Amino acid sequence: MSTRHHPIAIIGGGLGGLTAARVLHVNGIESAVFDLDAGPEARTQGGMLDIHEENGQKAIHAAGLHDEFRKIIHEGGQAMRLAGPDGTVHVATEDVGDGGRPEVDRGDLRGLLLNSLPDGTVHWRRRATGARPMDDGRHEVTFADGSTVTTDLLIGADGAWSRIRPLLSDAEPAYTGISFVETDLHEADTRHPGGAAVVGGGFFICLGDRRGFLAHRETDGSLHVYTALRADEDWIDTIDFTDHGAAKAAVLAHFDGWDEDLRGLVAHADAITPRRIHALPVGHRWKRTPGITLLGDAAHLMSPFAGEGANLAMYDGAELALTLAAHPGDTEAALTEYEEALFPRSEASAIESAGSLDTMFGTDGLERMIAFFGSGRPGA
């Protein structure tokens, strides 16, 4: 198989990689994106995202897509409820439509970015298996299908288990002590009215005894629920998730005595999927290395409890692209400037994320979160 050269190769077609490609395109710079999926519709993207004014929305503006972005906002999605194990709602806020942290469906947002790129920018079915530096300052990337590409600038946007990161850092994601069991309840208002009533129209948090439920109302009327608890790293392996009945029972054993409508978010689910939560070390950084950098989870994987993962990935992508555009012909100056801003920015968010995990899943998590929201701080 012949090797093709691309001046800029972005490994990973998630939100961060696509944002980088789009902002480069807006600034007249060509790039190639390589993604492991078979195509844009290969899998559901899942979950709602709140896109923050200070980072995610800035990236959308840099991409020239703000008007189109406004069309995919989930109206009412900024509403929030915080409840306890008995179902009592302690904090409730309405979506006032100020646009500060509008909710969008991750799949809709990814589709917006994909459709904004020139045909052929994204190369599908290209699962990176490794990369290496070459003698001429370029890098070579190898894919599972046996193909290779070379590039002047290699951008690792390939997520938590990045194949590009080992060229820069020995750091690996570590288990945070929290495991999720994700469930979906379709056509919630008609098929799961109890769950629909407890979650409401936006974001729902229920905490108690170092565990809880985090849920979103999706744009299609379904509920997407993250059941979270402190557990040993191998806890998920003790459950057969192919047997939905047994898996639900195993999860619900940790929620004995909780309100039945809350338990129903697991008991009545149409789909159930386990996921361990990992994070890179807080303050992860690397030495400036010519011709290569990272963005998003590849650079600063953190737990989701600060709500910053997607926002930071998009902001990273936009900032990297803008910095490259501002330094034509001097990629190293651009990468130095990008990383000097990236490291403290991501460290601050990682500290916030780790702190939120400890707050939410501590012994007095509910009380501390009631105080947090009562102080006028924004929702997650």
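See the structure above.
This section reports on the structure supplied with the text. None of these values were measured; they are calculated from a predicted model.

Take the overall build of the protein chain next. Within the protein chain, the secondary structure is distributed over 12 helices and 16 strands. Relative to its length of 380 residues, the protein chain is compact, with a C-alpha radius of gyration of 21 Å against a globular reference of 21 Å. Judged by the C-alpha coordinates and their principal axes, the protein chain covers about 65 × 45 × 35 Å. For the protein chain, the proportion of its 380 residues judged to be buried stands at 54%. Relative to all contacts within the protein chain whose residues are 6 or more apart in sequence, the contacts with residues 24 or more apart total 72%.

What follows deals with the packing of aromatic side chains. Overall, the coordinates contain nine aromatic pairs when judged by the stated rule. Ring centres of phenylalanine 180 and tyrosine 226 lie 5.3 Å apart, and the angle between their planes is 45 degrees; this geometry places the pair in the tilted category. Placement of phenylalanine 180 in strand 11 (residues 174-185) and of tyrosine 226 in strand 14 (residues 223-230) is noted, with a sequence separation of 46 residues between them. Overall, phenylalanine 180 belongs to the buried group, its relative accessible area being 2%.

It is worth spelling out helix 1 (residues 15-26) at this point. Given a rise of 1.5 Å per residue, 12 residues ought to cover 16 Å, and the 16 Å separating the end C-alpha atoms of helix 1 matches this to within 8%. Among the 12 residues that make up helix 1, 10 are buried, leaving the element largely enclosed by the rest of the structure. Residues of helix 1 that are buried include every one of Leu15, Gly16, Gly17, Leu18, Thr19, Ala20, Ala21, Arg22, Val23 and Leu24, and no others. Just past helix 1, the residue glycine 28 takes up positive phi, approximately 75 degrees.

Position of glycine 107 relative to the elements: it lies in helix 4 (residues 106-115). Sequence spacing of glycine 107 and leucine 15 is 92 residues, and the spatial spacing of their C-alpha atoms is 9.7 Å.

This part takes up the nonpolar core. With 57 residues, the main nonpolar core has Ile10, Ile11, Phe69, Leu109 and Val141 as its most contacted residues. Beyond its immediate stretch of four places on either side in the chain, isoleucine 11 contacts Phe34, Ala128, Val141, Phe143, Leu154, Ile155, Gly156, Ala157, Asp158 and Ile164. Membership of the second largest hydrophobic core comes to 30 residues, among which are Tyr175, Cys206, Leu229 and Ile236.

A word on the pairing of strand 11. In terms of burial, strand 11 is a largely internal element, nine of the 12 residues being buried. As judged from the eight bridges shared by strand 11 and strand 15 (residues 271-279), these two strands associate in the antiparallel manner. Its bridge partner being in strand 15, alanine 174 is matched across the sheet by alanine 279.

So, about empty space enclosed by the protein. Going through the model one piece at a time under the given rule, you end up with one cavity of 30 Å³ or more. Looking at the largest cavity, its volume works out to about 50 Å³. Lining the largest cavity, in full, are Leu280, Pro281, Val282, Gly283, His284, His300, Leu301, Ser346, Glu347 and Ala350. It is helix 11 (residues 331-360) that provides the largest number of residues to the lining of the largest cavity, a total of three residues.

With that settled, consider unusual backbone geometry. Excluding glycine, most residues fall at negative phi; most peptide bonds, likewise, are trans. One non-glycine residue, glutamate 187, adopts positive backbone phi at about 45 degrees. Tracing the chain through its elements places glutamate 187 in the loop between strand 11 and helix 5 (188-191). The phi dihedral of aspartate 209 is positive, around 55 degrees, even though this residue is not glycine. Mapped onto the fold, aspartate 209 is located in the loop between strand 12 (203-208) and strand 13 (211-217).

With that settled, the discussion passes to the side chain of histidine 216. You can see histidine 216 is positioned in strand 13. With relative accessibility at 9%, the residue histidine 216 sits in the buried group. Setting aside anything within four residues of it in sequence, one finds histidine 216 in contact with Met48, Glu103, Val199, Gly202, Phe203, Ser222, Leu223, His224 and Tyr226.

In this section: the packing of helix 1 against helix 4. Two numbers describe a pair of packed helices, the interaxial angle and the distance between the axes. One way to put it is that helix 1 packs onto helix 4 with a least axis distance of 9 Å and a crossing angle of 25 degrees. Here helix 4 runs roughly parallel to helix 1, going by the angle between their axes. Crossing of helix 1 against helix 4: the hand is left-handed. Residues Leu15, Leu18 and Thr19 of helix 1 lie in contact with helix 4, whose contacting residues are Arg106, Leu109, Arg110, Leu113 and Leu114. Broken down by class, the residue content of the contact of helix 1 with helix 4 amounts to five nonpolar, one polar and two charged.

Under the definition given, this model contains 19 salt bridges. Among the salt bridges present, the one from arginine 126 reaches aspartate 145, with a minimum N-O distance of 3.8 Å. You can see arginine 126 sitting in the loop between strand 7 (122-123) and strand 8 (128-133) and its partner aspartate 145 sitting in the loop between strand 9 (139-143) and strand 10 (148-156), a full 19 residues away along the chain. A relative accessible area of 15% places arginine 126 in the buried class. Take aspartate 145: its relative accessible area is 41%, and that puts it in the partly exposed class. For aspartate 316, the salt bridge goes to arginine 345, with nearest N and O atoms at 2.9 Å. In this pair, aspartate 316 sits in helix 10 (residues 309-326) while arginine 345 sits in helix 11, placing the two residues 29 residues apart along the sequence. Across the pair, arginine 345 and aspartate 316 agree in class, each one buried. Where salt bridges share partners, they join Asp35, Asp37 and Arg110 into one cluster.

Cut-offs and rules
- Residues numbered from 1 in each chain as written.
- Predicted model: local features only at pLDDT ≥ 70, side-chain atom pairs only at ≥ 80, totals over all residues.
- Heavy atoms only, no water.
- Helix = DSSP H or I, 4+ residues; strand = E, 2+ residues; numbered from the N terminus.
- Rg over C-alpha atoms; globule rule 2.2 N^0.38 Å.
- Buried < 20%, exposed > 50% of the residue type's maximum accessible area, 1.4 Å probe, protein only.
- Contact = heavy atoms within 4.5 Å.
- Phe/Tyr/Trp six-rings, centres within 6.5 Å; stacked < 30°, edge-to-face > 60°.
- Expected span 1.5 Å × (residues − 1).
- Core = buried A, V, L, I, M, F, W, Y, C linked by side-chain atoms within 4.5 Å.
- Pairing = 2+ DSSP bridges.
- 1 Å grid on protein atoms, 1.4 Å probe; cavity = no way out; pocket = protein on both sides within 12 Å on 5 of 7 lines; lining within 4 Å.
- Points joined across faces, edges and corners; volume = space filled by probe spheres on them.
- Axes fitted to C-alpha atoms, helices over the stretch in contact; angles between N-to-C directions.
- Parallel < 35°, antiparallel > 145°, perpendicular 65-115°, else oblique.
- Left-handed = near helix turned anticlockwise from the far one by under 90°.
- Nonpolar A, V, L, I, M, F, W, Y, C, P; charged D, E, K, R; others polar.
- Salt bridge = Lys/Arg side-chain N within 4 Å of Asp/Glu carboxyl O.

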